[in-house]
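Next come the chains, spelled out residue by residue.
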Amino acid sequence: MILFIDACVRTQSRTMRLAKALLAKLDGEVETLRLEDISFPVTNEAYLKKRDALIAEGIFDDEMFVLARQFAKADTIVIAAPYWDLSFPAKLKQYIEVINVLGVTFEYTPEGFPKGLCNAQKLYYVMTAGGSYVPEEFGFGYVKALAQNFYGIDEVELIKATGLDIIGADVEAILSSAI
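Structural notes, computed from the coordinates. (Residues numbered from 1 in each chain as written. Predicted model: local features only at pLDDT ≥ 70, side-chain atom pairs only at ≥ 80, totals over all residues. Heavy atoms only, no water.)

Some thoughts on the pairing of strand 6 (residues 122-128)
Summarising burial for strand 6: seven of the seven residues are buried, a large majority. The pairing of strand 3 (residues 76-80) with strand 6 spans five bridges and is parallel. By the bridge assignment, Ala80 is partnered in strand 6 with Val126. As paired strands, strand 6 and strand 7 (residues 155-161) are joined by seven bridges and run parallel to one another. Within strand 7, the position partnered with Thr128 by the bridge is Ala161. (Buried < 20%, exposed > 50% of the residue type's maximum accessible area, 1.4 Å probe, protein only. Helix = DSSP H or I, 4+ residues; strand = E, 2+ residues; numbered from the N terminus. Pairing = 2+ DSSP bridges.)

See the structure below:
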């Protein structure tokens, strides 16, 4: 199963256009998760107490962990996230907080290092940006580090189109080249 995590919100999203082109090239059933449609819980003390208690007891079938289980089960993961304000949309960060579950997506070795528990062998990160200044460590780099160091997904690929809003840019040529 290909898990498609959609962090795009615009109707005419250029990031979505790239992601759809990628998904058309991949083989397998696609499960789409539109982050815009999810009402993430508030991370307050009550939420953390419940989460910590469930994790301590190894109760991972609780509804609280449904997104983490889905992420861990996926064979391939595609994340579509536009580059906004030196990062990605806040909904993607909320999603990451929800799926980062000890005992579901990762565990710790006796030495205290994270070890991935996810099935996926590859994660694609699809992004577009209006400008050309796109330091990877603020968006893609963060997701790549989690994928490789926590979730056990060694192969992480960035597909991007940048400079789309620069005056005189040939947007169609830039998108076509990325596709």
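Quick word on the pattern of salt bridges
The full count for this structure, using the stated rule, is eleven salt bridges. Between Lys49 and Glu45 there is a salt bridge; the shortest N-O distance is 3.7 Å. With Lys49 and Glu45 both in helix 2 (residues 45-57) and four residues apart, this pair spans about one turn of that helix. Neither Lys49 nor Glu45 differs from the other in exposure class; each is exposed. The residue Lys122 makes a salt bridge to Glu155 at a minimum N-O spacing of 3.1 Å. Of this pair, Lys122 sits in strand 6 while Glu155 is found in strand 7, placing the two residues 33 residues apart along the sequence. (Salt bridge = Lys/Arg side-chain N within 4 Å of Asp/Glu carboxyl O.)

Here's the deal with the packing of helix 1 (residues 14-25) against helix 6 (residues 171-178)
Contact geometry for helix 1 and helix 6: axes closest at 10 Å, N-to-C directions at 35 degrees. With respect to the hand of their crossing, helix 1 and helix 6 are arranged in right-handed fashion. Contacts between helix 1 and helix 6 involve Arg14, Arg17 and Leu18 on the former and, on the latter, Val171, Glu172, Leu175 and Ala178. (Axes fitted to C-alpha atoms, helices over the stretch in contact; angles between N-to-C directions. Left-handed = near helix turned anticlockwise from the far one by under 90°. Contact = heavy atoms within 4.5 Å.)

A closer look at the nonpolar core
Phe71, Ile77, Leu92, Tyr95 and Tyr125 are the most contacted members of the largest nonpolar core, which has 44 residues in total. Only strand 1 (2-6), helix 2, helix 3 (66-73), strand 3, helix 4 (90-99), strand 6 and helix 5 (140-149) provide two or more residues apiece to this core. Per element, the largest residue contribution to this core is five residues, and it comes from helix 4. Listed in part, the 17 residues of the second largest apolar core include Ile2, Phe4, Val126 and Leu175. (Core = buried A, V, L, I, M, F, W, Y, C linked by side-chain atoms within 4.5 Å.)

A few points about the packing of aromatic side chains
How two aromatic rings sit relative to each other is given by the distance of their centres and the angle of their planes. Counted according to the given criterion, the structure contains seven aromatic pairs. Plain terms: the ring middles of Phe106 and Phe150 are 5.0 Å apart, the flat faces sit at 80 degrees to each other, and that makes the pair edge-to-face. Residue Phe106 is located in strand 4 (residues 106-108), and its partner Phe150 is located in the loop between helix 5 and strand 7; the two are separated by 44 residues in the primary sequence. Aromatic pair Tyr125 and Phe140: ring centres 5.7 Å apart, planes at 50 degrees, arrangement tilted. Highlighted residues: Tyr125 in strand 6 and Phe140 in helix 5, separated in sequence by 15 residues. Each member of the pair, Tyr125 together with Phe140, is buried. An aromatic cluster of at least three residues, connected via ring pairs, comprises Phe71, Tyr95 and Tyr151. (Phe/Tyr/Trp six-rings, centres within 6.5 Å; stacked < 30°, edge-to-face > 60°.)

Looking at the environment of Arg51
Here Arg51 is to be found in helix 2. Along the backbone, Arg51 and Phe65 are 14 residues apart, and their C-alpha atoms lie at a distance of 8.9 Å. Look past the residues within four positions of Arg51 in its chain and what remains in contact with it is Met64, Phe65, Glu97, Val98, Asn100 and Val101.

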